[in-house]
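The lines below spell out each chain.
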Amino acid sequence: MRQAVQEDQEDARDGSAVLAEPTVPVRPGWTADLSLATLAVFMAFMTPIQILLPLQLEHIDPHHKSAALSLVTGLGALVAVLANPLAGALSDRTTSRFGRRRPWILGGALAGAAGLALTASQHTVAGVAVGWCVGQAGLNAMLAGVTTPIADRVPLAQRAQVSGWTGIMQSFGLVLGALITTLLVTGVWSGYGTLAVVTVVLALPFVLRRAEPALPRALRPAFDARAFARSFWVSPRQHPDFGWAWLTRFLINLGNALGTLYLFYFLSDAVHYGDPGTGVLILTVVYTLFAALTAIPVGALSDRAGRRKGFVVLCSLIMAAAALLLALLHTWPAALAAAAVLGAGYGVYLAVDQALVTQVLPDARDRAKDLGVINIANSGPQVLAPAMAAPVIAHLGGYTGLYLATAAVTVLGGVLVRRVRGVA
């Protein structure tokens, strides 16, 4: 471990390495530390959305819980849409001797933890919305820091495999968060508080042990407000592969958001499962197990084959099959089977799609900003999904209509990835 840290520090002193395409394979310890930081941010993201916010809002306003959840998660996602690329752009310009990414990982973790604590103390829907928006701003700054090191430091021949490890942390984060908030602590406030502490603790290994090249001041362009604002528009005409990769990710994540946003209420109102909180935990464990079974081996297979798009098409079809199962059968056994199928498909997606998008970034100087723009395709669906899901549930077939819509947009995303020309 000491040798690995020393070699990282030697790399960090080489300022010329900051914008170079990586060629030296990263070590397992590096991947493990980045995975822990990724686990932290997604645990803090997903656990409130799936468990704590529904419970908190049901207590505050039981008669309008669905609308309240849509409002809070939609506003939080809107903040994420703005905060992630902004933090990424500022990260690209950071000339700290600690590197460009680590200050944002630590600062974002602390700000996100403060937002979680603020959310926990609220007793009105408006207060919960404000607290969650603060948390989203901090956590998205952290997300900008943890997603970019793969593009900064991991060579192409290793990228899908490393992306598989960090990607599966999304699901592990929800499992760990669910275990904490349903089995280890009691009460909404203690759940938020424990998440806040664990988020910061898990960020520390990468921040403290993994040095990175600092950006020399000579390589940072002079700040121009208009040029800075214009940089957030990445023209799909000039960079069509980036545009198609963005749209593919948006549609697949929209399908995922439509399918998971109301899972707690689906188990309660359609499946009539006695303890929907525990039900969500069980489904999440099944989902995560099957995602883990596919993410790492498929990532390694994609790296060896040098191919990405076919795997994205495959995962979209698998995920759509899971949505169709939920649309047709509102039973607990069907929900378990759908969780397994969805997990297998999403594991493929987590590994391969992240590797694909790092190959279509327009400029090495703007990696974090451009990945922030890509990440709008993750958070944007969280804004759109509530607006789409609520009227579908109310007027267009209930949960059957919702999961049919989920299948349709997921398949469309898989079809459109074939328009990316510069990646096999």
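Residues numbered from 1 in each chain as written. Predicted model: local features only at pLDDT ≥ 70, side-chain atom pairs only at ≥ 80, totals over all residues. Heavy atoms only, no water.

**Description of the overall build of the protein chain**
A tally of regular secondary structure across the protein chain gives 16 helices and zero strands. Along the three orthogonal principal directions, the C-alpha set of the protein chain runs to about 60 × 45 × 45 Å. A burial count over the protein chain gives 59% of its 424 residues as buried. Across the protein chain, contacts joining residues at least 24 apart in sequence account for 86% of those joining residues at least 6 apart. Put simply, the protein chain shows about 16800 Å² of open surface, and 67% of that area lies on carbon and sulfur atoms. Averaging the positions of the 29 positive and the 21 negative side-chain charges in the protein chain gives two centres separated by 6 Å. (Helix = DSSP H or I, 4+ residues; strand = E, 2+ residues; numbered from the N terminus. Buried < 20%, exposed > 50% of the residue type's maximum accessible area, 1.4 Å probe, protein only. Contact = heavy atoms within 4.5 Å. Areas by Shrake-Rupley, 256 points an atom, 1.4 Å probe, with all protein chains shown as cover. Lys, Arg positive; Asp, Glu negative; His and termini not counted. Charge placed at Lys NZ, Arg CZ, Asp CG, Glu CD.)

**Observations regarding the side chain of Thr288**
Along the polypeptide, Thr288 turns up in helix α12 (residues 276-305). Judged by relative accessible area, Thr288 falls into the buried class, the value being 2%. A polar contact of 2.8 Å, which involves the side chain of Thr288, links it to the backbone oxygen of Thr284. When residues no more than four places from it in sequence are discounted, the contact partners of Thr288 are Ile168, Ser171, Phe172 and Val175. (Polar contact = N/O pair within 3.5 Å; in protein donor to acceptor, adjacent residues only side chain to side chain.)

**A word on helix α16 (residues 398-416)**
Here α16 spans 28 Å end to end across 19 residues, near enough to the 27 Å set by a 1.5 Å rise per residue. Three or more residues of α16 are buried, namely Gly398, Tyr399, Gly401, Leu402, Tyr403, Thr406, Ala407, Val409, Thr410, Gly413, Gly414 and Leu416. Of the surrounding elements, those touching the buried residues of α16 are α10 (240-260), α11 (263-269), α13 (309-328) and α15 (367-395). (Expected span 1.5 Å × (residues − 1).)

**Concerning the packing of aromatic side chains**
With the rule as written, the count across this model stands at 12 aromatic pairs. Each ring, one from Phe223 and one from Phe228, has its centre 5.3 Å from the other, and the planes form 50°; the classification is tilted. In this structure Phe223 comes out as exposed when scored by relative accessible area, which is 52%. A network of ring pairs unites the aromatic residues Phe223, Phe228 and Phe232 as a single cluster. (Phe/Tyr/Trp six-rings, centres within 6.5 Å; stacked < 30°, edge-to-face > 60°.)

**Observations regarding unusual backbone geometry**
One non-glycine residue with positive phi stands out, namely His272, at about 60°. Taking the relative accessible area as the measure of exposure, His272 reaches 59% and is therefore exposed.

**Some thoughts on the side chain of Thr31**
Structurally, Thr31 can be placed in helix α2 (residues 28-60). Residues in contact with Thr31, not counting those within four places in the same chain, are Val26, Val162 and Trp165.

**Some points on α12**
A turn of α-helix holds 3.6 residues, and therefore any two residues three or four places apart point the same way. The terminal C-alpha atoms of α12, which comprises 30 residues, lie 42 Å apart, in line with the 44 Å expected from a rise of 1.5 Å per residue. Downstream of α12 by one or two residues, Gly306 has phi in the positive range, about 70°.

**As for the packing of α15 against α16**
With their axes 6 Å apart at the nearest point, α15 and α16 run at an angle of 140° to one another. Our classification of the angle between α15 and α16 gives oblique. The two elements α15 and α16 meet at a crossing, and its hand is right-handed. When α15 is examined against α16, the residues Ala389, Val392 and Ile393 are found in contact with a partner set consisting of Gly398, Tyr399, Gly401 and Leu402. For the contact of α15 with α16, the residue count by class is five nonpolar, two polar and no charged. (Axes fitted to C-alpha atoms, helices over the stretch in contact; angles between N-to-C directions. Parallel < 35°, antiparallel > 145°, perpendicular 65-115°, else oblique. Left-handed = near helix turned anticlockwise from the far one by under 90°. Nonpolar A, V, L, I, M, F, W, Y, C, P; charged D, E, K, R; others polar.)

**Notes on a nonpolar patch on the surface**
Taken together, the side chains of Leu71, Leu75 and Leu78 define a hydrophobic patch exposed on the protein surface, amounting to about 240 Å² of accessible area. Structurally, the position occupied by Leu71 is in helix α3 (residues 65-92). (Patch = residues over 30% accessible without salt bridge, like charges linked within 9 Å, V, L, I, M, F, W, Y side chains within 5 Å. Salt bridge = Lys/Arg side-chain N within 4 Å of Asp/Glu carboxyl O.)

**Thoughts on the pattern of salt bridges**
With the rule as written, the count across this model stands at 13 salt bridges. A salt bridge links Arg308 to Asp303, with the nearest nitrogen and oxygen atoms 3.1 Å apart. Overall, Arg308 belongs to the buried group, its relative accessible area being 4%. A salt bridge links Lys369 to Asp370; its shortest N-O distance comes to 2.7 Å. In this structure Lys369 comes out as buried when scored by relative accessible area, which is 5%. Looking at Asp370, the relative accessible area reads 2%, which means it is buried. Through salt bridges that share partners, Asp92, Arg100, Arg101, Asp152 and Arg367 make up one connected network.

**What to know about the confidence of the model for the protein chain**
With 96% of its residues at a pLDDT of at least 70, the protein chain reaches an overall mean of 90. Element-level pLDDT for the protein chain is lowest in helix α1 (residues 2-13), with a mean of 48, against a maximum mean of 97 in helix α4 (residues 102-120). (pLDDT = per-residue confidence, 0-100.)

**Looking at the packing of α4 against helix α8 (residues 188-209)**
Taken N-terminus to C-terminus, the directions of α4 and α8 make an angle of 175°; their axes are 8 Å apart at the nearest point. Relative to α8, the element α4 lies roughly antiparallel. Residues Arg102, Ile105, Leu106, Ala109, Leu110, Ala113, Leu116, Thr119 and Ala120 of α4 lie in contact with α8, whose contacting residues are Trp189, Tyr192, Leu195, Ala196, Thr199, Val200, Ala203, Leu204, Phe206, Val207 and Leu208. Residues that form the contact of α4 with α8 fall into these classes: 17 nonpolar, two polar and one charged.

**Comments concerning the environment of Arg27**
When you line up the elements, Arg27 lands in the loop between α1 and α2. For Arg27, a relative accessible area of 28% gives the class partly exposed. Spatially, the C-alpha atoms of Arg27 and Val154 are 9.7 Å apart, while their sequence positions differ by 127 residues.

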